Amino acid sequence: MSMATARFTPWPRGWSRERRSTATMASAVVLMLVVLWGLARALAFAPEPIGSNAQAFADGARVTVELTVVSGLAGVVLGILAGLGKIARVPPLRWLAEFYVWVIRGTPLLIQVFFAYFALPALLPFVKLEEFGWGCVALALNVGAYNAEAIRSGLLAVPKGQVEAARSLGMNRWYTFIDVTLPQAFKIALPPLVNNIVALLKDSSLVSTIGLVELTGAADLLRSKTYLPIPSFVTSASIYLLLTTVLTHFSGAVERRFDIEDKLG
Amino acid sequence: MTADTGNGTDVASESKMPASPLITVENVCKSFGSVQVLEDVSTHFNAGEVAVIIGASGSGKSTLLRTLNRLERHDSGRIVVDGIEVDDDHRHLDALRAEVGMVFQQFNLFPHLSVLDNVMLAPRRVRKLARPQAEARARELLERVGLAAHAHKYPFALSGGQQQRVAIARSLAMQPRVMLFDEPTSALDPEMVKEVLDVMKQLAQAGMTMIVVTHEMGFAREVGDRILFFDRGRIAQDAAPEIFFGAQQDERVRAFIGQVARA
């Protein structure tokens, strides 16, 4: 995922790897905020019908980013839990995790979005959420199942001797997991996790079907209003591209942070 | 080594007397599937003693070492370390492992942590030391194993010998009562063996209780107080080095020493 950013190091030569990584992550976050904040102003200069609808695209982009951040973070936590569940020694935990991954990966995301929005409120009447909330539930559950596979393989790839070393130092299971196993597993799982998060950003377009006006929804509204599909979708696609580029930039810096052997150059 | 890490410094001189043993092993048996690797092993280790365990691979010597801190569980028999029963009780286990340091053949340093953080981690998590204290102790230990200048490097940037010395410092940071060494030089290039053995020698001289599984006969002879020879899951011989390497009656042992010496 670091293809575009691998050779790009705008930071002073003397800076350490951590410092460069932190700087890149910070700059990516700032860039994302600048994009969200400046999009309406920049698009206002675009020819019609985009110029007069700049704010709709900017609002849509903001919703898309919010969906991605919320369900992405929840999806990583779900992925860790389900990944741990898949290698658990207690059979019911393993079954539960395997069932979850099996169902989610074997059914279409669009069905999951519909199910979350139309069926879950009836099944869980005490949970009061809006479109955004149910959309996040569907997306988080979906990306969580894919993350589980990545985390599981990462956990299995950490050598047994690492756990033995930590345990022989008297560290309990919790510290062994948090300080020794998880950071190493996370590093191994990072490239597939990044793929999943970038896919999530694009797949979030499916929640436009439950009436959520994110980037795709905004473009489609404009198309139906103006009968001008080309500028509507070219604009939204361009904004997606911009967002995935910034996200890739950010995740490249995260990978770099874990790259203590300097393999990425 | 000064008194703060060399537990048993004062006990060392008394260790030849029949004090109550630090570690007691009684009738321990262990099988992997149908293969019995430990057959009714009984022995004890005193504080301040350096016991060297030798024997062919597969003779059960590493397995015995690993049962002492429960990295392997024994099927039957009894092991008591410093008054702590070695069993499945988690409180026993964490207490036990905090008192028993272990050095592995493959070093097993934490690759994602700097040398300094490797040494500081367990004292901070288990002994609840504050960062400055843990760091001071870690730096002092790294100084002792000759790696003070490498504190901020990551393990991958060190040679095997340096990594193993960090691993020894990491164990010592927990101020263990006893140190277990599981073939600590077997994965090293020949020119790095000496630097690790030198650190171990220094540790033995400071009075640390050590149980060492090794093929280094020179070290066994020079540093060991006792040689335990393992053969097919049993302690075939338990003798002082001058007797073991000197007037050796047993043909198999003579053959083994000859093979290892040639290797």
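Heads up: these notes are all about the structure in this document. The structure displayed is predicted, hence computed values, not measured ones.

1. A short note on the pairing of strand β7 (residues 178–182) of chain B
Residue and element names in this part refer to chain B. With respect to burial, β7 is a largely interior element, five of its five residues being buried. Residues Val178, Leu180 and Asp182 line one face of β7 and the alternating positions Met179 and Phe181 line the opposite face, and both faces are buried. Where strand β6 (residues 100–103) lies against β7, four bridges are found, and the strand directions are parallel. The residue bridging Met102 from the neighbouring strand is Leu180, located in β7. Bridge count for β7 against strand β8 (residues 209–213) is five bridges, and the pairing is parallel. Across the sheet, residue Phe181 finds its bridge partner in β8, namely Val212.

2. Notes on the sheet that holds strand β4 (residues 76–81) of chain B
Strands pair in a sheet through their backbones, by hydrogen bonds, and they do so in one of two ways: parallel or antiparallel. All names here are of chain B. Sheet architecture is open: four strands sit in the order β2-β1-β4-β5, paired in antiparallel fashion. Looking at which strands have only one partner, the edges of the open sheet turn out to be β2 (35–45) and β5 (84–85). In this sheet, β5 lies alongside β4 in antiparallel orientation, the contact comprising two bridges. Its bridge partner being in β5, Val80 is matched across the sheet by Glu85.

3. Details of the packing of helix α6 (residues 160–168) of chain A against helix α7 (residues 173–203) of chain A
Residues and elements named next belong to chain A. Running from amino to carboxyl end, α6 crosses α7 at an angle of 145 degrees, the nearest separation of the two axes being 10 Å. Here the hand of the crossing between α6 and α7 comes out right-handed. Side by side, α6 and α7 meet where Gln162, Val163, Ala166 and Arg167 of the first sit next to Arg173, Thr176, Val180, Thr181 and Gln184 of the second.

4. Considerations on a nonpolar patch on the surface
All names here are of chain A. A contiguous nonpolar surface patch, about 440 Å² in accessible area, is contributed by Phe115, Leu123, Leu124 and Phe126. For Phe126, the location among the structural elements is in the loop between α4 (109–123) and α5 (131–157). By relative accessible area, Phe126 is classed as exposed at 67%.

5. Things to note about helix α3 (residues 91–106) of chain A
Residue and element names in this part refer to chain A. The first and last C-alpha atoms of α3 sit 22 Å apart over 16 residues, in line with the 22 Å expected at 1.5 Å per residue. What α3 keeps buried is the set Ala97, Tyr100, Val101 and Ile104. With its buried residues spanning 90 degrees around the axis, α3 presents them on a single face. Away from its buried face by more than 90 degrees, α3 exposes Trp95, Phe99, Trp102 and Gly106. Contact partners of the buried residues in α3: α2 (54–86), α4 and α5.

6. A closer look at the layout of surface pockets
All names here are of chain A. In this structure, the largest pocket spans a volume of roughly 1,300 Å³. Every residue lining the largest pocket is counted, 33 residues in all, and those nearest its centre are Ile87, Arg89, Val163, Arg167 and Arg173. Of the residues belonging to the lining of the largest pocket, the class tally is 18 nonpolar, four polar and eleven charged. As a volume, the second largest pocket reaches approximately 650 Å³. Ranked by residues supplied to the lining of the second largest pocket, first place goes to α2 with seven residues. In terms of residue class, the lining of the second largest pocket is built from 20 nonpolar, three polar and no charged.

7. Re the interface of chain A and chain B
Opposite the 22 residues of chain A that make contact, chain B presents 25 residues. Around 2,100 Å² of area is buried between chain A and chain B when both sides are counted, 59% of it from carbon and sulfur atoms. When the shortest N-O distance is used, the salt bridge between B:Arg66 and A:Glu164 registers 2.6 Å. Summed over the shared surface of chain A and chain B, the number is six residue pairs in polar contact (both at pLDDT 80 or more). Secondary-structure elements contributing two or more residues to the side of chain A that touches chain B are α1 (17–43), α6 and α7 of chain A. A per-element tally of the side of chain A that touches chain B places α6(A) first, with eight residues. Tallied by class, the residues present in the side of chain A that touches chain B amount to eight nonpolar, six polar and eight charged.

8. What about the pattern of salt bridges?
Residue and element names in this part refer to chain A. For the structure on display, the rule yields 32 salt bridges over all chains. Here Asp59 makes a salt bridge to Arg62, at a shortest N to O gap of 3.4 Å. In this pair, Asp59 and Arg62 both sit in helix α2, three residues apart, roughly one turn of the helix. With relative accessibility at 30%, the residue Asp59 sits in the partly exposed group. Taking relative accessible area as the criterion, Arg62 reaches 38% and is therefore assigned partly exposed.

9. Focus: the nonpolar core
All names here are of chain B. In this structure, Leu142, Ile168, Met179, Phe181, Met200, Met210 and Phe244 are the most contacted members of the largest nonpolar core, which totals 51 residues. The dominant element in this core, judged by the number of residues it contributes, is helix α7 (residues 190–205), at eight residues. Once residues within four sequence positions are removed from consideration, Met200 is found in contact with Ile168, Phe181, Pro184, Met210, Val212 and Phe219. With 40 residues, the next largest nonpolar core counts Val25, Leu68, Val81 and Leu180 among its residues.

10. What about α5(A)?
Here α5(A) is 27 residues long and its end C-alpha atoms lie 39 Å apart, about the 39 Å a rise of 1.5 Å per residue gives. At A:Tyr146, α5(A) shows its strongest bend, of approximately 25 degrees.

11. Quick look at the side chain of A:Ser204
All names here are of chain A. Within the fold, Ser204 resides in the loop between α7 and α8 (215–226). Polar contacts involving the side chain of Ser204 include one to the main-chain carbonyl oxygen of Leu201, which spans 2.7 Å. Not counting chain neighbours up to four residues away, the residues in contact with Ser204 comprise Thr64, Leu67, Thr68, Leu139 and Glu214.

Thresholds applied
- Residues numbered from 1 in each chain as written.
- Chains lettered and ligands numbered in written order.
- Predicted model: local features only at pLDDT ≥ 70, side-chain atom pairs only at ≥ 80, totals over all residues.
- Heavy atoms only, no water.
- Buried < 20%, exposed > 50% of the residue type's maximum accessible area, 1.4 Å probe, protein only.
- Helix = DSSP H or I, 4+ residues; strand = E, 2+ residues; numbered from the N terminus.
- Pairing = 2+ DSSP bridges.
- Axes fitted to C-alpha atoms, helices over the stretch in contact; angles between N-to-C directions.
- Left-handed = near helix turned anticlockwise from the far one by under 90°.
- Contact = heavy atoms within 4.5 Å.
- Patch = residues over 30% accessible without salt bridge, like charges linked within 9 Å, V, L, I, M, F, W, Y side chains within 5 Å.
- Areas by Shrake-Rupley, 256 points an atom, 1.4 Å probe, with all protein chains shown as cover.
- Salt bridge = Lys/Arg side-chain N within 4 Å of Asp/Glu carboxyl O.
- Expected span 1.5 Å × (residues − 1).
- Arc of directions from axis to C-beta.
- 1 Å grid on protein atoms, 1.4 Å probe; cavity = no way out; pocket = protein on both sides within 12 Å on 5 of 7 lines; lining within 4 Å.
- Points joined across faces, edges and corners; volume = space filled by probe spheres on them.
- Nonpolar A, V, L, I, M, F, W, Y, C, P; charged D, E, K, R; others polar.
- Buried area = accessible area lost by both parts, 1.4 Å probe.
- Polar contact = N/O pair within 3.5 Å; in protein donor to acceptor, adjacent residues only side chain to side chain.
- Core = buried A, V, L, I, M, F, W, Y, C linked by side-chain atoms within 4.5 Å.
- Bend = angle between axes of the 7 residues up to and from the residue.

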